[in-house]
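Listed below are the residues making up each chain.
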Amino acid sequence: MSLQVPLMIVHGGAWSIPNEMEQDHIRGTYKAIAQVYPELLSGEIDAEEAVVRAISILENDETFDAGKGSFLNLKGQVEMDASIMNGTTMKCGAVCAIQNVRNPIRIAQRVMNQTEHVLLVGENALEFAKSTCKSEEEHKELFVESVEQLLTTRELEFLESIRNNEEFTSRTVFESKIDSHPPPSKKGTVGCVALDLNGNICAGTSTGGTPKKCKFSRNSIKKFNKLKVPGRSGDTGIVGSGTYADSSVGGASSTGWGESIMKIQMTGTVVKWLEFHNTPTLPKTASIYSHLNFESSSNIQHDAAQKTNMNKEQVAIETIIEYLDQKVNGLGGLIFLSKEGKYAVSHNTDKMSFAFVPHDTINKETGHFEVVSIVSRKKGC
């Protein structure tokens, strides 16, 4: 069996990224690939390990809304979701509303590999995670002692600014204009898809959710604080919505307004369209951006002008974003990597952060490669 050229793509969220924050997103996604890809290229690690390592780097970066830098819910808690899927074994693991862990993606991986289950939630997910630790050092690496270790000052200020704003919903944070003071410093769910030497594809996604997490009227906030209501989880922890992989087709990771993404099961749907060659034809009504140039070139930022000769992967990814808009008035973005090594990215939010390794920069003999990191924009943004 001939060996595949390994490839990686990561994302750092789809939303209205302020201009002054773009460089942080570019640096963060660049770092996630630059630090992991050399071992994927050499075959020292497989696609699954590459995904976990890359997402862990993004979770540790305060720029993004995953791990450190996550949003608070109305009770002042940080609840995080993550999922991972191995496209060869079809095994998958996920956690929802888990607290006090540094890297939710690592717990999702343990659910996948150390249990017969797919999804663990809340306190029981945390108890499971603790039971897997074999040493005190490992425990310190995986867990935090208090929520403060996951917070930034800006997120505390932002929560206070929206606490009693009845117009603020989970969709608001992905819209073009946010009338909050201070504005949110980050909203980037993170994700990765990797293809290794043996043709295995793995995908993973991680998030700290959306601010406020639950929408209540002013009269019900007092009641809410007295109740142990279930925490809000979005698409990230749901296999088939936030993450999906099948090594015979490809892998996908989504980002955006989770309530809408779950309704169309975005990642699973697009992979199945491609598997059965039945991507539908939809009228073009949404204002979206599809990245078309995945080679290293001087005009990489000008690829949106021509949309001719789109491959089936690009057509499918653009169509699922159109479908998200038309079917459920959704907002989001998607990265995809096929078994043939074809990338695809599309979003209908103003901007999206992502990075990848261009095919034409890879030299397996010397280990040379380049990373292209981008904050893409819809036309007019």
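Read on for a plain summary of the structure. (Residues numbered from 1 in each chain as written. Predicted model: local features only at pLDDT ≥ 70, side-chain atom pairs only at ≥ 80, totals over all residues. Heavy atoms only, no water.)

**A word on the packing of aromatic side chains**
1) Next: Under the defined criterion, the tally for this structure stands at six aromatic pairs.
2) Next: Pairing W273 with Y323 gives two aromatic rings, centres 6.0 Å apart and planes at 75 degrees, and the pair type is edge-to-face. In this pair, W273 is assigned in helix α10 (residues 266–275) and Y323 in helix α11 (residues 312–328), connecting sequence segments 50 residues apart.
3) Next: Owing to a relative accessible area of 10%, W273 belongs among the buried residues under this scheme.
4) Next: Among the residues examined, Y323 registers a relative accessible area of 24% and is labelled partly exposed.
5) Next: Consider the rings of F294 and F356, whose centres lie 5.0 Å apart with planes at 70 degrees: the pair is edge-to-face. In this pair, F294 sits in the loop between β9 (289–291) and α11 while F356 sits in strand β12 (residues 351–356), placing the two residues 62 residues apart along the sequence. Accessibility assignment for this pair places F294 and F356 in one class, buried.
6) Next: Aromatic ring contacts, followed pair by pair, group F294, Y343, F354 and F356 into a single cluster. (Phe/Tyr/Trp six-rings, centres within 6.5 Å; stacked < 30°, edge-to-face > 60°. Helix = DSSP H or I, 4+ residues; strand = E, 2+ residues; numbered from the N terminus. Buried < 20%, exposed > 50% of the residue type's maximum accessible area, 1.4 Å probe, protein only.)

**So, the pairing of strand β6 (residues 201–207)**
1) Next: Most of β6 sits out of view: seven of its seven residues are buried.
2) Next: Burial along β6 is two-sided: I201, A203, T205 and T207 and C202, G204 and S206, pointing in opposite directions, are all buried.
3) Next: As paired elements, strand β2 (residues 80–86) and β6 share six bridges and run antiparallel to each other. Bridge pairing in β6 places D81 opposite T207.
4) Next: Two successive antiparallel strands, strand β5 (residues 190–195) and β6, enclose a turn made up of five residues, where G199 displays a positive phi of approximately 85 degrees. (Pairing = 2+ DSSP bridges.)

**Quick word on the state of the cysteines**
1) Next: Across all of its chains, the model carries zero disulfides by this definition.
2) Next: Here C192 stays unpaired: no disulfide links it, and the sulfur of C202, its closest cysteine neighbor, is 8.0 Å away.
3) Next: With a relative accessible area of 0%, C192 lands in the buried category. (Disulfide = S-S within 2.5 Å.)

**With respect to the packing of helix α1 (residues 22–34) against helix α3 (residues 47–59)**
1) Next: As a packed pair, α1 and α3 sit with axes 8 Å apart at the nearest point and diverge in direction by 150 degrees. Taken as axis vectors, α1 and α3 run roughly antiparallel relative to one another. With respect to the hand of their crossing, α1 and α3 are arranged in right-handed fashion. Across the interface between the two elements, G28, T29, K31 and A32 of α1 pack against A54, I57 and L58 of α3.
2) Next: Here the contact of α1 with α3 is composed, by residue class, of four nonpolar, two polar and one charged. (Axes fitted to C-alpha atoms, helices over the stretch in contact; angles between N-to-C directions. Parallel < 35°, antiparallel > 145°, perpendicular 65-115°, else oblique. Left-handed = near helix turned anticlockwise from the far one by under 90°. Contact = heavy atoms within 4.5 Å. Nonpolar A, V, L, I, M, F, W, Y, C, P; charged D, E, K, R; others polar.)

These values are about where atoms sit, not about what they do.
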